[in-house]
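Letter by letter, the chains look like this.
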Amino acid sequence: MTVEQARFRYLFLLGLRWFPVGLTIPVLVLLPLERGLSIAQVGAVAAIQGFTVLVLELPTGGLSDALGRRPVLLIAGVVNLASLAIWSFADSVALFAVVYLLQGVYRALDSGPLEAWYVDHALAADPKADIEGGLSRSGVVLGLAIAGAALISGGLVWLGPIGPVSALTVPVFVALGLSLVSTVAVALLMTEERSTRGLASWVASVRGVPVAIGGALRLVRRSRVVLALITVEFFWSIGMVTFEKLMAVRLSELTSAETAGALLGPVNSAAWAASAAGAALVPLLTRRIGPAWSGFTLKIVQGVTIVGMGLFAGPAGVIGAFLLCYAVHGAANPVHAGLLHRQAEGEYRTSLLSLNSMVGQPGFSFGAIVLTAVAAGAGTPTAIIVGGVVLAAAAPLYLVRSKEVFREHSQAGTSRSLAL
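First things first, this report covers the structure right here in the doc. None of the values given here were measured: they were computed from a predicted structure.

Moving on: the overall build of the protein. Looking only at helices and strands, one finds 19 helices and zero strands in the protein. When contacts within the protein are restricted to residue pairs at least 6 apart in sequence, those whose partners lie at least 24 apart make up 84%. Accessible surface, the protein as shown: approximately 18,300 Å² in total, 69% of it carbon and sulfur.

Here it is in structure tokens:
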């Protein structure tokens, strides 16, 4: 498989994977409320997904490294289909708890294998392949898929119920059908060489999970660069609370709850489009100043946009800062992922990605607890500013890579190409 073939399949499968998510985003909270749950119950069952991902993230990453990317993604697809099928008729706390439990299992299984598959094939075809360029295109595809699907979902709801199916349930059924298509596409397009098959292979792969996890952890222990990137993820996740949670509160304070609710749909769709645009500009930035300095710059700029969300006094200013924040966020994701991939050993690539993702879970939870407490005591603008400062404070950690490479140059006395 050529680099171009691997990239095309990766982007196509990625778009199919995230389009159903975009369809369900607008009804995530509204649908369980329509079926009788309280807002507190919705929050409680939704938390199940986060805890499940936290527990399973690293073991499932090790399973992908040991068993293979394709089998794990196929298992994830089946779990997702079961979750959406139950979601289509769930009408109690217990059933919605099952939905979010299965979604947590799905997200843990799904986190990393497709991206790792693409990088493995691209580097196998060309060790000097521009994986950052491919990952930046993935940000474009992801952003456009979610933005477009969110708009379509709104249109489906606006059209009203279809027979006995309520308007809010229609997007879930459409997402279920497209998720089935996505799973079939994975089975057809993700080619992967596996030396052994059958029950013995599965048993050996499961036994290899602890080895894969241990390999990823050893890589973190012996590499200052990987440790720095994982730390960036932790601080980044704390800062994400500002634009994923506190933005809605800030906007409602400046207008009203009803006005904010009406604005957030199109604003979020525009934000994901801005994220796609930001990801599209990554190759230009990385070619000019390099991935490490690109990560540093983007974190500083994103911190400034978040601080702007806290300082601006009008809805237009807050929304403008929010859109800029998402544009930078879309650019920062492929830069961070590219730097992490460059440090990963192919055998343990998914385990390292899962470890990076797993660190983000407690980071976001910690940020949600602390920043909402700050908002309650000192006001939402103050909490947003604090989150922006915390996010930007991690920017210098990206430069650990540059310093380490420089030290290698000095000690070895070789050229830049040989050092790399």
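For the structure shown, the criterion picks out seven aromatic pairs. Taken together, a centroid distance of 5.3 Å and an interplanar angle of 75° make the contact between Trp293 and Phe296 edge-to-face. Residue Trp293 and its partner Phe296 are located together in helix 14 (residues 291-311), separated by three residues, close to a single helical turn. Using a relative accessible area of 42% as the deciding quantity, one classes Trp293 as partly exposed. Judged by its relative accessible area of 22%, Phe296 falls in the partly exposed class. Through a chain of ring-to-ring contacts, three or more aromatic side chains come together here, namely Phe243, Trp272, Phe322 and Tyr326.

The next subject is the packing of helix 4 (residues 69-87) against helix 5 (residues 93-110). Here helix 4 crosses helix 5 at 160°, and the two axes come no closer than 8 Å. Classified by the angle their axes make, helix 4 and helix 5 are roughly antiparallel. In the packing of helix 4 onto helix 5, the handedness of the crossing is left-handed. Only Leu95, Phe96, Val98, Val99, Leu102, Gln103, Val105, Tyr106, Leu109 and Asp110 of helix 5 make contact with helix 4, whose side of the interface consists of Val72, Leu73, Ile75, Ala76, Val79, Asn80, Ala82, Ser83, Ile86 and Trp87. In terms of residue class, the contact of helix 4 with helix 5 is built from 16 nonpolar, three polar and one charged.

Core analysis: the largest hydrophobic core is formed by 46 residues, its most contacted members being Phe243, Met247, Met309 and Phe322. Elements that contribute at least two residues to this core include exactly helix 11 (224-254), helix 12 (257-280), helix 14, helix 15 (315-343), helix 16 (349-378) and helix 17 (380-393). Counting residues per element, this core draws most heavily on helix 11, at 13 residues. Not counting chain neighbours up to four residues away, the residues in contact with Phe322 comprise Phe243, Met247, Val267, Asn268, Ala271 and Met309. Counting 24 residues, the second-largest nonpolar core is a separate cluster that includes Leu14, Leu114, Val119 and Ala122.

This part is about a nonpolar patch on the surface. A cluster of nonpolar residues, Phe51, Leu54 and Val55, forms a patch on the protein surface that exposes about 300 Å² of accessible area. As for its position among the elements, Phe51 is in helix 3 (residues 39-67).

Moving on, we get to helix 1 (residues 3-24). In a regular helix each residue adds 1.5 Å, so 22 residues correspond to 32 Å; helix 1 covers 33 Å between its end C-alpha atoms and thus fits that length. Summarising burial for helix 1: 16 of the 22 residues are buried, a large majority.

What counts, and at which threshold
- Residue positions are given per chain, counting from 1 as you read along its sequence in written order.
- Where local features are concerned, this predicted model is filtered to residues with pLDDT of at least 70; where side-chain atom pairs are given and counted, the filter is 80 or more; whole-chain, interface and lining totals use all residues.
- Side-chain numbers here rest on the full set of heavy atoms in the structure, without hydrogens or water.
- The helix count covers DSSP runs of H or I at least four residues long, the strand count covers runs of E at least two residues long, and both are numbered beginning at the N terminus.
- We call two residues in contact when some of their heavy atoms are within 4.5 Å.
- Here the Shrake-Rupley method, with its probe set to 1.4 Å, supplies the accessible areas, and only the displayed protein chains count as covering residues.
- Note on aromatic contacts: the rings of Phe and Tyr and the six-membered ring of Trp form a pair at centre separations within 6.5 Å, being stacked when their planes are under 30 degrees apart, edge-to-face when over 60 apart, and tilted otherwise.
- Each residue's exposure class comes from its accessible area (1.4 Å probe, protein chains only) as a fraction of the maximum for that residue type: buried when under 20%, exposed when over 50%, partly exposed otherwise.
- Helix axes use the C-alpha atoms of the stretch in contact, all axes being lines fitted to C-alpha atoms, and the angles between their N-to-C directions lie in the range 0 to 180 degrees.
- By the definition adopted for this analysis, an angle is roughly parallel if under 35 degrees, roughly antiparallel if over 145, roughly perpendicular if from 65 to 115, and oblique otherwise.
- In this scheme the handedness of a crossing depends on how the near helix is turned from the far one: anticlockwise by less than a right angle means left-handed, clockwise means right-handed.
- We call Asp, Glu, Lys and Arg charged. Ala, Val, Leu, Ile, Met, Phe, Trp, Tyr, Cys and Pro are nonpolar, and the rest, Gly among them, are polar.
- Residues belong to one nonpolar core when they are buried, are Ala, Val, Leu, Ile, Met, Phe, Trp, Tyr or Cys, and are joined through side-chain atoms within 4.5 Å.
- Patch membership requires over 30% relative accessible area and the absence of a salt bridge. Like charges are linked within 9 Å, and nonpolar side chains (Val, Leu, Ile, Met, Phe, Trp, Tyr) within 5 Å.
- Salt bridges are counted wherever a side-chain nitrogen of Lys or Arg sits within 4 Å of a carboxyl oxygen of Asp or Glu.
- For a helix, the expected span equals 1.5 Å multiplied by the residue count minus one.

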